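# Observations on the three-dimensional arrangement
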Amino acid sequence: PTINRARELVVPIPQRAGRAIEATGTLRTLTDDPTVHERAATDVGAVVQSVLRERGDAHRALAIEVQASVDPALPPVPFPAPVLRDWLLVALSEAERALFGAARRRVEIRAALEELGAVVCVADDGTTPSAGTTVRDLHGATVTRRRTDDGWTMRRLYIPLRIGTPAPPIALPPVPGP
């Protein structure tokens, strides 16, 4: 490398460092804010209904049949409502695109308790480009996307439910003395 090329590489370092320092300061401000750590309880059913109302005209225009079920036993979940809303909108958008040209145009949304968490699932019976399974994290929840053997594509959000109080300690019998 020439000296000019070295200068081109070195000169932006202070600028990038300045941006990094600003970003670090913003992160510190956010993490020092106690409201960031608090997770308001989100009513999954209300978010699902809101998104369905928002997308209703598009579903009618695209002739997509949407069925939604929310388990009435599903408690409010410790997950940001705006993030859940955005995830649902993206999942529905992916399902809508997968249904272009499909003979049956169905989307199913299900929200229920499963093991130690809440599951929100958006499934369609359209065509999806990739048949593999993907897994990623979203604000402490797990997002999976996979194609089932019966031709459905499932987008699943698993939100672990956190118990607010610790379990009481287990009482052990006294150890016999000598």
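Up top is the structure.
### Focus on the pattern of salt bridges
On inspection of all chains with the given rule, the structure shows ten salt bridges. Across the pair Arg145 and Glu94 runs a salt bridge whose closest N-O atoms are separated by 3.9 Å. Taken together, the positions of Arg145 in strand β7 (residues 141-147) and Glu94 in helix α5 (residues 81-98) put the pair 51 residues apart, joining distant regions of the chain. Look at Arg145 and you get buried, because its relative accessible area is 17%. Take Glu94: its relative accessible area is 26%, and that puts it in the partly exposed class. In this structure, Arg155 and Glu94 form a salt bridge, with 2.9 Å as the shortest nitrogen-oxygen distance. A residue pair is termed long-range when its members are at least 10 positions apart, and Arg155 in strand β8 (residues 153-160) and Glu94 in helix α5 qualify at 61 residues. On the accessibility criterion, Arg155 (3% relative accessible area) is buried.

### Overview of the nonpolar core
Ranked by size, the top nonpolar core spans 30 residues in total, and within it Phe79, Trp87, Leu88, Val122 and Leu157 carry the most contacts. Sorting elements by how many residues they give to this core places α5 first, with eight residues. Ignoring any residue separated from it by four or fewer positions in sequence, one finds Leu88 in contact with Val47, Val48, Val51, Val120 and Val122.

### Some details on the packing of helix α4 (residues 44-61) against α5
With their axes 10 Å apart at the nearest point, α4 and α5 run at an angle of 35° to one another. With respect to the hand of their crossing, α4 and α5 are arranged in right-handed fashion. Facing Val44, Val47, Val48, Val51, Glu54, Arg55 and His59 of α4, the residues of α5 in contact are Ala81, Leu84, Arg85, Leu88, Leu89, Leu92 and Glu96. In terms of residue class, the contact of α4 with α5 is built from nine nonpolar, one polar and four charged.

Reading guide: rules and limits
- Residues numbered from 1 in each chain as written.
- Predicted model: local features only at pLDDT ≥ 70, side-chain atom pairs only at ≥ 80, totals over all residues.
- Heavy atoms only, no water.
- Salt bridge = Lys/Arg side-chain N within 4 Å of Asp/Glu carboxyl O.
- Helix = DSSP H or I, 4+ residues; strand = E, 2+ residues; numbered from the N terminus.
- Buried < 20%, exposed > 50% of the residue type's maximum accessible area, 1.4 Å probe, protein only.
- Core = buried A, V, L, I, M, F, W, Y, C linked by side-chain atoms within 4.5 Å.
- Contact = heavy atoms within 4.5 Å.
- Axes fitted to C-alpha atoms, helices over the stretch in contact; angles between N-to-C directions.
- Left-handed = near helix turned anticlockwise from the far one by under 90°.
- Nonpolar A, V, L, I, M, F, W, Y, C, P; charged D, E, K, R; others polar.

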